[in-house]
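Spelled out, the chains give:
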Amino acid sequence: MAASNTLNGGQVIVDYLIQEKVPYAFGLCGHGNIGFIDALYERSDDIATISVHHETVAGFMADVYYRVSGRPTATFTSCGPGSANLPIALANAYFDSVPFLAVTGNVPTSQFNRGAFQETYRQYQADFPSTVRAYCKRVFQPTRGDMVPLAIRQAWKTMVTGRPGPVVLDVPFDIFKEGAEQAPDALDWNANISCRCGADPEGVEKALDMLLGAERPVILVGQGVKYGGAAADLLALAERLGIPVACSASGTGAIDTKHPLALGLIARNGTYQANHACRQADVLLALGVRFDDRTSSSWLPGYSFTIPPTKLIHVDIDPDEIARNYPVALGLMADVRTFLRQISAALDARTITEQVSSARAAWLDKIAGYKREWEDFVAPGFTADTTPIHPQRAAHEIDRALPEDAILVSDIGVHHNWLIQFCTPTRPDSLIGSMGFGPMGFGVAGVLGAKLAAPDRPCVSVCGDGAFFMHASVLGTAVEYQLPVVWVVWNNYAYASIRGLQRGYLDGRELATDFKNPQTGQPYNPDFAAMARSAGVEGVSVDRAADLADAIRAGIAAGRPYLIDANISADLNPTGAGVWELPGLGLSKPGFGKRHQPG
């Protein structure tokens, strides 16, 4: 509860964060936000401040903290270049529907439109909001102290309601110190707001009719299931109706990968059983899925989906996503967890048998056959013993080294494609990645947020050499705050995913994708293990697959920050049963199986 005396703008914001049980503020100092930092100092017993060495790192930490804990945090950055380093992290959170509150400092109101130091003023005064409007749900900019209480409570509500996402609170320098009366009471304003909206009851009945009447149904799940707290309800419905479940890259882990009904990843590099089942389905129930180009094999029919004739039931909390890329037989705006509970209740009311029909059993038998074919196809990669390490074997060794409760945070790069195909997450937060905006550095920095959210669980980042070099400052932050995370640097001496495109689509005309010594022409990178040791982090190098799992176990057991520089082959790219089209350059071919022709 706010104190009875008058607070200034910075104090109001901090007080409100504390009321909302925000445990951390991640950020970097600057002259434009010292008033806010001063307010954090006064309440340091109630909210911890984590200082980073690059503003983007703060945003990635806040992003992954939420994905693990389900609780939003805040970031703080200064005016000019300080906050201009934040949009990459904002966009990543926005496209992946992850909320955090970005408190950005700006120039004093008395200096608006005068070109003060670091003011964005050529088009409009103090115009930092224009730089981030495309990358957040909304920007609030209070220009008087008495506007702050309204701005903070509306910013918080906007952030967490509906489709969640980041919100920017842009505060001029003087407003942090200007009188603002009391902070609003968060319990009064937000405690009784629920966004667990249900679907139209008639639509629920129609959806159930379609599922019960289907011979080849499939459930497709995305991030809306993982972070909407719907995993248990998904499993209950899938088991009750005997419907197999495929996952988009963002939905991986929504169902235990080893469950008999789990099909695995559907994507251009997805499994044969996932792609082949979904493209043959007569009814597809899509829950919290965007149907992006990678998930959908560039929307080319017959590879990942064949919609129509497949009848699509699309459920999403954001109506703009429904029927964006495919026509729907039934579109329902709803929170996916609420919808799953609605359809289970409707099923209870019908008092029908819960046994799988003979047609359904035949469908599951076919899928089991697809799975055996795929497993035979990929089996050699699990035992490959080469130096550099075979990437499929690397993914397998990483997966088997992780304890059941571990959190694996993947960065962006070719390694991510290997991990989502060959790792076996058992819970929604076992494997965390970014599939919307796809910024390099997400996993390098995000693992710090994961560890703060789950201090008793092992937290491992797998990141490419390119991404780690971009954000190596995280080593210092991990040491300063004693965060025992493990980085596995997937070192292939290249921006290998892009080099793969040059080789596949441009006849091998490679430029700006390899890291080489200019004198010898040999692969070049810094010695990442030595770099880690120079920062006070234990660093080791590994170039054999048999040693990789042991190194990860040792890193977890060390109880301090730990880096593994793993020498991994860059000459192999993950194959799959889908395709990806780059218009003007061509279409890849499925690595296994062929295009499905309905009828």
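Preceding this paragraph is the structure being described.
What counts as what
- Residues numbered from 1 in each chain as written.
- Predicted model: local features only at pLDDT ≥ 70, side-chain atom pairs only at ≥ 80, totals over all residues.
- Heavy atoms only, no water.
- Salt bridge = Lys/Arg side-chain N within 4 Å of Asp/Glu carboxyl O.
- Helix = DSSP H or I, 4+ residues; strand = E, 2+ residues; numbered from the N terminus.
- Phe/Tyr/Trp six-rings, centres within 6.5 Å; stacked < 30°, edge-to-face > 60°.
- Buried < 20%, exposed > 50% of the residue type's maximum accessible area, 1.4 Å probe, protein only.
- Core = buried A, V, L, I, M, F, W, Y, C linked by side-chain atoms within 4.5 Å.
- Expected span 1.5 Å × (residues − 1).
- Arc of directions from axis to C-beta.
- Axes fitted to C-alpha atoms, helices over the stretch in contact; angles between N-to-C directions.
- Parallel < 35°, antiparallel > 145°, perpendicular 65-115°, else oblique.
- Left-handed = near helix turned anticlockwise from the far one by under 90°.
- Contact = heavy atoms within 4.5 Å.
- Nonpolar A, V, L, I, M, F, W, Y, C, P; charged D, E, K, R; others polar.
- Pairing = 2+ DSSP bridges.

Undergrad: Which residues make up the pattern of salt bridges, and what are the values?
TA: All chains considered together, the criterion is met by 27 salt bridges. A salt bridge links K177 to D38; its shortest N-O distance comes to 2.6 Å. You can see K177 sitting in the loop between β6 (167-172) and α8 (186-190) and its partner D38 sitting in helix α2 (residues 34-42), a full 139 residues away along the chain. The salt bridge involving R393 is made with E397; its shortest N-O contact spans 2.8 Å. With R393 and E397 both in helix α15 (residues 391-401) and 4 residues apart, this pair spans about one turn of that helix. Residues joined in a network through salt bridges with shared partners are R499, R503, E510, D514 and D571.

Undergrad: Break down the packing of aromatic side chains for me, with residues and values.
TA: How two aromatic rings sit relative to each other is given by the distance of their centres and the angle of their planes. Scanning the model with the defined rule gives 25 aromatic pairs in all. Both rings, one in Y272 and one in F592, keep their centres 4.8 Å apart while their planes meet at 85°; by these two values the pair is edge-to-face. Of the two residues, Y272 is situated in helix α12 (residues 272-280) and F592 in the segment after β20 (586-587); the sequence distance between them amounts to 320 residues. Neither Y272 nor F592 differs from the other in exposure class; each is buried. Ring geometry for F291 versus F305: centroids 5.2 Å apart, planes at 75°, classification edge-to-face.

Undergrad: Lay out the nonpolar core with the relevant residues and their values.
TA: Formed by 62 residues in total, the largest nonpolar core has its most connected members in I398 and V488. Core analysis: the second largest hydrophobic core is formed by 54 residues, F26, V64, F128 and A532 among them.

Undergrad: Got a sec to walk through helix α22 (residues 545-558)? Specific residues and values, please.
TA: Here α22 spans 20 Å end to end across 14 residues, near enough to the 20 Å set by a 1.5 Å rise per residue. Those residues of α22 that fall on the buried side of the exposure criterion are A545, L548, A549, A551, I552 and G555. Looking straight down α22, one finds that the buried residues subtend no more than 160° of arc, so they occupy a single side. Just beyond α22, the residue with positive phi is G559, at close to 70°.

Undergrad: Break down the packing of helix α3 (residues 55-69) against helix α17 (residues 442-453) for me, with residues and values.
TA: How two helices sit against one another is set out by the angle between their axes and by the gap between those axes. At a minimum axis distance of 7 Å, the contact between α3 and α17 shows a crossing angle of 50°. One element, α3, and the other, α17, form an angle in the oblique class. The handedness of the crossing between α3 and α17 is right-handed. Here α3 contributes V57, F60, M61, D63, V64, Y65, R67, V68 and S69 to the contact with α17, which in turn contributes F442, A445, G446, L448, G449, A450, L452 and A453. Among the residues forming the contact of α3 with α17, the class breakdown is 12 nonpolar, 3 polar and 2 charged.

Undergrad: Describe in detail the sheet that holds β6, supporting the description with residues and values.
TA: An order of β2-β1-β3-β4-β6-β5 is seen for the 6 strands of this open sheet, with the pairing classed as parallel. Two strands lie at the open edges of the sheet, namely β2 (48-51) and β5 (138-140), each paired on one side alone. Shown here is a sheet whose adjacent strand axes are inclined to one another by a mean of 25°, direction ignored. Sheet analysis places β5 next to β6, joined by 3 bridges and oriented parallel. Note that in β6 the partner of R138 across the bridge is V167.

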